Protein chains: 2
Amino acid sequence: MIASKADLEPQSADPLPNSTRVYVEGTLHPDVRVPMREIALSPTKGLSGTVEVNEPVRVYDTSGPWGDPAFDGDVEKGLPAMRRDWILKRGDVEEYTGREVVPQDNGYLSDEHSRLRNGGLGLRAPESAQRKPLRASAGHPVTQLWYARQGIITPEMEYIAIRENQGIDRLRCDDKSARNTLTHQHSREASPEFIPSIFGRFPQRIPKVITPEFVRDEVAAGRAIIPANINHPENEPMIIGRNFLVKINANIGNSAVASSIEEEVEKMRWATKWGADTVMDLSTGKNIHATREWILRNSPVPIGTVPIYQALEKVGGKAEELSWEIFRDTLVEQAEQGVDYFTIHAGVLLRFIPLTARRMTGIVSRGGSILAKWCLAHHKENFLYTHWDEICEIMAAYDVSFSIGDGLRPGSVADANDEAQFGELYVQGDLTRRAWDHGVQVMNEGPGHVPMHMIEENMAKQLEWCHEAPFYTLGPLTTDVAPGYDHITSGIGAAMIGWYGCAMLCYVTPKEHLGLPNKKDVKDGVITYKIAAHAADLAKGHPGAQYRDNALSKARFEFRWEDQFNLALDPVTARAFHDETLPQEGAKTA
Amino acid sequence: MIASKADLEPQSADPLPNSTRVYVEGTLHPDVRVPMREIALSPTKGLSGTVEVNEPVRVYDTSGPWGDPAFDGDVEKGLPAMRRDWILKRGDVEEYTGREVVPQDNGYLSDEHSRLRNGGLGLRAPESAQRKPLRASAGHPVTQLWYARQGIITPEMEYIAIRENQGIDRLRCDDKSARNTLTHQHSREASPEFIPSIFGRFPQRIPKVITPEFVRDEVAAGRAIIPANINHPENEPMIIGRNFLVKINANIGNSAVASSIEEEVEKMRWATKWGADTVMDLSTGKNIHATREWILRNSPVPIGTVPIYQALEKVGGKAEELSWEIFRDTLVEQAEQGVDYFTIHAGVLLRFIPLTARRMTGIVSRGGSILAKWCLAHHKENFLYTHWDEICEIMAAYDVSFSIGDGLRPGSVADANDEAQFGELYVQGDLTRRAWDHGVQVMNEGPGHVPMHMIEENMAKQLEWCHEAPFYTLGPLTTDVAPGYDHITSGIGAAMIGWYGCAMLCYVTPKEHLGLPNKKDVKDGVITYKIAAHAADLAKGHPGAQYRDNALSKARFEFRWEDQFNLALDPVTARAFHDETLPQEGAKTA
């Protein structure tokens, strides 16, 4: 089986060591309260008896209310609707009676059957799912992009500005500080002769302090998105853009053969405990609608989906039977539930499909092959492309962001940067502009498998062709020879493309190409990608990014073992590895 | 304890799946026989009943005779002295009565005591250790550098040429081949706008086929070294240079508190089974001389050491009591045993030490701090620097290569590329020239901890200041926030610097900063670094490097699961991960 019994226990509820939850309040919007995790440190004891206090370190926290010991909710209830007032106050949405959930949405699975499979949680939904859905009512989009263009700084934007600074903006970290101070930080131009050429054409613009106005401006320009469906008020706002912290996504999802709803909810909590900034629910099992409802109502991070997966389930897995009507219905179904971004493979055009025939690995994207099959069966243009404007109208009414899919991404190093891949990327650019015309937020998905020396070109072409919309890549894997270690083959490529400007990195777990990830794999994938993202933040010179490295290095140099563990991305493993060799308590203080 | 019982079993003897050992013979030197591992593949079965044969894939093999099922030796005997005839035939060495092993060499440990600790293997040595040592006798160095300069192509050089080509030179891989053929390979100039600036100043020169003459020429120019002590005839020749395959080193070594000689010999075999190109024995325990003897007599790869570690043991751990005489004696002791390269921290000059005072993490290199302590205690210049010419004479007489140490390497991201580090690197350049004047082969050691955007500068300065001698770096780690995962934080930096031109990557295990590595950690470190090195080979366009990626991708695309596992760097883990989800045999063929 995929998950052992221990895997299923809600370990996500265990607090991280020596940490407390703090909230930083907004100024423009006083009801904004941004959660951070504060790690307490022990003092430095000098040889001569001197004692130096080490200030606690604040870190970005994606765990939501689940990471707050004072929170007493549970999965059955769902998380509080934190953003609901902000959304309603804007006065441009209406409650309405949503689309009725039909048996087809859950693969005709009965509630009884579902309970049998999934223990307590059946097809019924958490209490908070009883709300009626919202949609735009004032004749304009209700997207963060639309507000940004009007010059409105939403609570979401102020929330994000505070969150991105991590409370370190007050300290003004830079390379003027001595190297042995916590505020030392290398400039992104520390090695001026060796600045990658991409920055000549697409300069980095990260300011010393992230202000709410800067957030608004980046969103208005389309260089960043805030995935935040008005029907997902539990979502704690975050931003995806290359002038902000690099984000990571974790994929979860049950399948027809394995794993229950409980497991998937726990995987979501587990992934966000370790730092996943968004989660994609790629479920393909029977109870797909119900699984998504449980995840959404309990998720503090944006949830993404690939709606074509559910549409395919509705037509019994036969790609050629897909239709615009079924797809449209699925989009509305998921938009009403609160999905924050949709992967839509509208760039897989009929004329690109023959370009994949002489590839080493053809089409490896699931969405890509579904659409290719449909196009060939009907010998018609991709219906997602031909219905693009109608899709945009739906997205605009709920503020669902586009993650324009890369259905022709390379599935091997051999196929990197080929005509099929770049042909689709170019079309993604057109689709991006058209979505912007509808006021819809957009990011673009990218590869895949790319050797190191061909990564920068991917980033540059995406920025050029897609008008600087945020890029969201899977890895890329820099070699194909290490199945079982593809979190590492791809972590290398992810760190590099993050530096070059990729805004979000979709994790790859050790099980990639081999099987479905269990909780250990999810954690390995998340931690590896937090490393890649943070390495990229250091190289990009994100304000304050080096502070945690400095605090940990200082603890290491002073043999403050406990502090070294507690400041680590994974304190549990750091401590366990130390204790394998030197378990004595004394070995942690001397 | 560090090692569990299962760790100690000689798993290194288990053959890798579906593999046979083949030998490719030399032309210039018919007694050259280069081992390779050949992985057999199953045929591709087409839907229409067609059958396509998939040729076996040959891969570089570092496991030596231990990886040959036909070899029936054992650790007690030691490996055959494969190179001995080549060395003797050159007519420029003499046997002599070597330095006597004294109790001090093993920390005054008695044989009885040692057996008690170490089970069967005591202070006595393997049978093959009874040979008398060799040294130069014809008034000239006996180094591969000296021969190369004379225009002599040694058997070692032909061996290396065959080995580097991996038998793929016949296939002429390039980007003219279609992407779905095994011989497709991206050019290193596949993304011409995005070639890192370092290659403008230090062009890559890797030819389509590695010839023995090319090997000779690179060695003669000092751009590559062949670490091959004349007293380590068991060593299978390999080359370290930026126009060859990127190599990796694995550190092993017992300590005063843990692990036996058996464990260290098994770790060496284990590391080379998974692909370590060289092994450094960093033992600091009592039985340091005997441990090294057992490792050398059983190692098919070059062995490196840091002689100051043993010298320090000889003076009871008191750095200030070190002297040139004790160090000199240790160098001869280890040169007679057959150590192939010595890390010597001669660049830690007195005037650099104050530069480390305002660092975040001071001096973190063990060798560096020993020398700094000595310099400060005596207020004298580093005795390794003042005796450099005498050291060179010893190295030249045995063909021990220099690995000039970086005692002031940064121990944190904060300290990267600072004055102390670069001051020492500049001195390494002078020392390199002087060693070359003595006919001694040289590589230079490098960092450490460096954020991504400051890595290329390290490589460029090393090439410039050290006259293109090979660079050998530890990682570098690209962030400090992930103790427990430093194989990954450093694997990112290692892959990048390997691409830029670093010739050998010293592995970092998950236990770095936390404890001593066990066998699992050694394997995790080796596989991660094989990934980094191979990703760099792909980016460098090493001839045929993409062939294995292609073969594996083809197997993946055709659902030939067994072939996919068998072609993986770690077939055992790939199969185990697959079987966790889908254990049925059928799931591997469909």
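Located above this text is the structure these notes cover.
Let me sum up the structure you'll find in this document. In this text the structure is predicted, and so the values were computed from the model without any measurement.

Considering the packing of aromatic side chains
In step 1: Following the criterion strictly, the structure yields 28 aromatic pairs over all chains and no others.
In step 2: Measuring from ring centre to ring centre gives 6.0 Å for Phe327(A) and Phe383(A), while their planes differ by 75 degrees; the resulting arrangement is edge-to-face. Taken together, the positions of Phe327(A) in helix H11 (residues 324-337) and Phe383(A) in helix H13 (residues 383-386) put the pair 56 residues apart, joining distant regions of the chain. The residues Phe327(A) and Phe383(A) share a single accessibility class, namely buried.
In step 3: A ring pair is formed by Trp146(B) and Tyr147(B), whose centres lie 5.8 Å apart and whose planes are at 80 degrees; its orientation type is edge-to-face.

Some thoughts on the relation of the copies chain A and chain B
In step 1: Rotating chain A by 180 degrees about the axis while translating it 0.0 Å along that axis superimposes it on chain B, leaving an RMSD of 0.0 Å. Expressed as an axis order, the relation between the two copies is that of a two-fold axis. Measuring from the rotation axis to each C-alpha of chain A, the shortest distance belongs to Ile492(A), at 2.4 Å.
In step 2: The residues that chain A uses at the interface reappear at the interface of chain B in 100% of cases, marking a shared surface.

Some words on the sheet that holds strand S16 (residues 471-474) of chain B
All names here are of chain B.
In step 1: As summarised here, the arrangement of the eight strands in space is S10-S11-S12-S13-S14-S15-S16-S17, forming a closed barrel in which the pairing is parallel. Going from strand to strand, the sheet's axes swing by 25 degrees on average, the running direction of each strand aside.
In step 2: Across the sheet, helix H11 (residues 324-337) lies against strand S12 (303-305) and strand S13 (341-344), angled at about 160 degrees from S13, the strand it touches most.
In step 3: Docked against the sheet, helix H14 (residues 388-398) engages S13 and strand S14 (401-404), running at close to 140 degrees with respect to S14.

A closer look at the pattern of salt bridges
Residue and element names in this part refer to chain A.
In step 1: This structure, assessed with the given rule, holds 82 salt bridges over all chains.
In step 2: One salt bridge connects arginine 292 with glutamate 333, and the closest N-O pair in it is separated by 3.3 Å. Taken together, the residues span a long stretch of sequence, with arginine 292 in helix H9 (residues 288-298) and glutamate 333 in helix H11 at a distance of 41 residues.
In step 3: Accessibility expressed as a relative area gives 2% for glutamate 333, which makes it buried.
In step 4: Through salt bridges with shared partners, a single network forms among Arg99, Asp105, Arg292, Lys314, Asp329 and Glu333.

A closer look at the packing of helix H10 (residues 307-314) of chain A against helix H12 (residues 366-378) of chain A
Packed helices, taken two at a time, are described by their axes: the angle between them and the distance between them.
All names here are of chain A.
In step 1: Relative orientation of the contacting elements H10 and H12 amounts to 50 degrees, with a least axis distance of 9 Å. Judged on the interaxial angle alone, H12 and H10 are oblique. Every pair of crossing elements has a handedness; the one defined by H10 and H12 is left-handed. Residues Ile308, Tyr309 and Leu312 of H10 lie in contact with H12, whose contacting residues are Arg366, Gly367, Ile370 and Leu371.
In step 2: Considered class by class, the residues forming the contact of H10 with H12 number five nonpolar, one polar and one charged.

So, the nonpolar core
In step 1: Membership of the largest hydrophobic core comes to 300 residues, with the highest contact counts inside it found for Phe402(A) and Phe402(B).
In step 2: The residues touching Phe402(B), leaving out its near neighbours within four places in the chain, are Phe342(B), Ile344(B), Trp388(B), Ile391(B), Cys392(B), Met395(B), Ala435(B), Val440(B), Gln441(B), Val442(B) and Met443(B).

Description of the side chain of Asn458(A)
Residue and element names in this part refer to chain A.
In step 1: Here asparagine 458 shows up in helix H16 (residues 455-465).
In step 2: The class of asparagine 458 is buried, set by a relative accessible area of 1%.
In step 3: Setting aside residues no more than four positions away along its own chain, asparagine 458 makes contact with Asn417, Gln421, Phe422, Leu425, Pro447, Val450, Phe471 and Ile497.

Details of the interface of chain A and chain B
In step 1: Taken together, the 96 residues of chain A in the interface contact 96 residues of chain B.
In step 2: Summing both sides of the interface, chain A and chain B together bury roughly 7800 Å²; the carbon and sulfur share of this comes to 65%.
In step 3: Taken together, the connections running from chain A to chain B amount to four salt bridges.
In step 4: A salt bridge links Arg201(B) to Glu193(A), with the nearest nitrogen and oxygen atoms 3.7 Å apart.
In step 5: Our enumeration of links across chain A and chain B arrives at 32 residue pairs in polar contact (both at pLDDT 80 or more).
In step 6: Contributions of two or more residues to the side of chain A that touches chain B are made by H16, helix H17 (486-500), helix H18 (519-540), helix H19 (546-557), helix H20 (561-567) and helix H21 (571-581) of chain A.
In step 7: At 11 residues, H18(A) tops the list of elements feeding residues into the side of chain A that touches chain B.

The rules behind these values
- Residues numbered from 1 in each chain as written.
- Chains lettered and ligands numbered in written order.
- Predicted model: local features only at pLDDT ≥ 70, side-chain atom pairs only at ≥ 80, totals over all residues.
- Heavy atoms only, no water.
- Phe/Tyr/Trp six-rings, centres within 6.5 Å; stacked < 30°, edge-to-face > 60°.
- Helix = DSSP H or I, 4+ residues; strand = E, 2+ residues; numbered from the N terminus.
- Buried < 20%, exposed > 50% of the residue type's maximum accessible area, 1.4 Å probe, protein only.
- Least-squares fit on C-alpha atoms with pLDDT ≥ 70 in both.
- Contact = heavy atoms within 4.5 Å.
- Pairing = 2+ DSSP bridges.
- Axes fitted to C-alpha atoms, helices over the stretch in contact; angles between N-to-C directions.
- Salt bridge = Lys/Arg side-chain N within 4 Å of Asp/Glu carboxyl O.
- Parallel < 35°, antiparallel > 145°, perpendicular 65-115°, else oblique.
- Left-handed = near helix turned anticlockwise from the far one by under 90°.
- Nonpolar A, V, L, I, M, F, W, Y, C, P; charged D, E, K, R; others polar.
- Core = buried A, V, L, I, M, F, W, Y, C linked by side-chain atoms within 4.5 Å.
- Buried area = accessible area lost by both parts, 1.4 Å probe.
- Polar contact = N/O pair within 3.5 Å; in protein donor to acceptor, adjacent residues only side chain to side chain.

As far as function goes, none of this settles anything; it's purely spatial.
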